[in-house]
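Fold and contact review
Spelled out, the chains give:
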Amino acid sequence: MTHRLLAAAAFMLVTTATSWADTQGVPNVKTPDPDKVAVQMEDTLEDIQEFTVEQKNDAMRTARHALDDLDRQITLLQSEIDSGWKELSQQARLDKQSAMAALKEQRAELETRYQALQQAGADNWEAAKAKFSQGWEAAKQSWQALNAPVAEGTDNPE
């Protein structure tokens with residue numbers, strides 16, 4: 001478990017450092033790789049599910065780091081959507097707006113569940129962890145929906 005946690009932390013550190021180092025012609029901006037983010041989210045979910053109440057501090061650090069990383073990925077994705085807005089059809093714009101709103105709503109719910117996890121004790125640790133995991137899974141699904149290929153509509157952008 002400890003080795004797995006260290007490996008996950010090292011992976012997150014490397015991917016974060018790489019994402020800041022690589023740019024695509026625009027300083028300090030890198031488009032998030034949806035597949036890598038989804039895998040990272042799945043790994044985080046598995047890690048958090050394995051923590052015991054005795055490992056609560058490790059669980060909280062892992063969850064906080066994952067939430068902060070998710071916030072960065074949402075910001076990067078929002079920038080990508082904004083920069084390609086004119087190329088999207090009206091329906092694609094509506095779909096992206098709806099998916100981003102759902103993701104942000106899931107993220108806000110995750111913060112609430114994170115706080116409940118933080119306050120959990122031995123008597124309700126497993127229940128709080130399960131609720132956080134459910135919220136994390138919902139955010140992951142929202143992330144995947146937001147990154148789904150844009151359907152080519154018949155209406156032309158602008």
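Refer to the structure presented above.
What you are looking at is a predicted structure, and each value in this text was computed from that prediction instead of being measured. (Residues numbered from 1 in each chain as written. Predicted model: local features only at pLDDT ≥ 70, side-chain atom pairs only at ≥ 80, totals over all residues. Heavy atoms only, no water.)

Focus on the side chain of Lys140
For the record, the criterion: Runs of H or I in DSSP of at least four residues are treated as helices and runs of E of at least two as strands, each being numbered from the N terminus. Pairs of N or O atoms are called polar contacts if they sit within 3.5 Å, as long as, within protein, a hydrogen donor faces a hydrogen acceptor (for residues adjacent in sequence, only side-chain-to-side-chain pairs). Two residues qualify as a contact provided that any one of their heavy atoms is within 4.5 Å of a heavy atom in the partner residue.
With respect to the element layout, Lys140 can be found in helix H5 (residues 125-146). A polar side-chain atom of Lys140 sits 2.4 Å from a polar atom in the side chain of Glu42. Residues within four places of Lys140 in sequence aside, it is in contact with Ala38, Met41 and Glu42.

What about the environment of Gln106?
Applied cut-off: Each residue is assigned to one of three classes by its accessible area relative to the maximum for its type, calculated with a 1.4 Å probe on protein chains only: buried under 20%, partly exposed between the two thresholds, exposed over 50%.
Among the structural elements, Gln106 can be located in helix H4 (residues 90-119). Judged by its relative accessible area of 21%, Gln106 falls in the partly exposed class. Remark: the alpha-carbon pair of Gln106 and Trp136, spanning 30 residues in sequence, is separated by 8.1 Å. Dropping the residues within four chain positions of it, Gln106 is found in contact with Gly135, Ala138, Ala139 and Ser142.

Brief notes about the nonpolar core
Cut-off, in case you're wondering: Throughout this description, the term nonpolar core refers to a set of buried Ala, Val, Leu, Ile, Met, Phe, Trp, Tyr and Cys residues connected via side-chain atoms within 4.5 Å.
Judged by nonpolar contacts, the single largest core of 28 residues is most densely connected at Met41, Leu70, Leu110, Phe132, Trp136 and Leu146. Elements with a minimum of two residues in this core: helix H2 (34-50), helix H3 (56-83), H4 and H5. With 9 residues, the top contributor of residues to this core is H3. Residue contacts for Leu146: discarding those within four places in its chain leaves Leu77, Ile81, Lys96, Ala99, Met100 and Leu103.

Describing the packing of H3 against H4
Quick note on the threshold: Fitted lines through C-alpha atoms serve as axes, helices being fitted only where they are in contact, and the angles separating the N-to-C directions of these axes extend from 0 to 180 degrees. By the definition adopted for this analysis, an angle is roughly parallel if under 35 degrees, roughly antiparallel if over 145, roughly perpendicular if from 65 to 115, and oblique otherwise. Crossing handedness is defined as follows: a turn of the near helix away from the far one that is anticlockwise and smaller than a right angle gives a left-handed crossing, while the clockwise case is right-handed. Charged residues are taken to be Asp, Glu, Lys and Arg, nonpolar residues to be Ala, Val, Leu, Ile, Met, Phe, Trp, Tyr, Cys and Pro, and polar residues to be all remaining types, Gly included.
As a packed pair, H3 and H4 sit with axes 11 Å apart at the nearest point and diverge in direction by 165°. By the angle between their axes, H3 is roughly antiparallel relative to H4. For the element pair H3 and H4, the recorded crossing hand is left-handed. In this structure, H3 contributes Lys56, Met60, Ala63, Arg64, Leu67, Leu70, Asp71, Ile74, Leu77, Gln78 and Ile81 to the contact, and H4 contributes Lys96, Met100, Leu103, Lys104, Arg107, Leu110, Glu111, Tyr114, Leu117, Gln118 and Gln119. Residue classes in the contact of H3 with H4 are distributed as 12 nonpolar, 3 polar and 7 charged.

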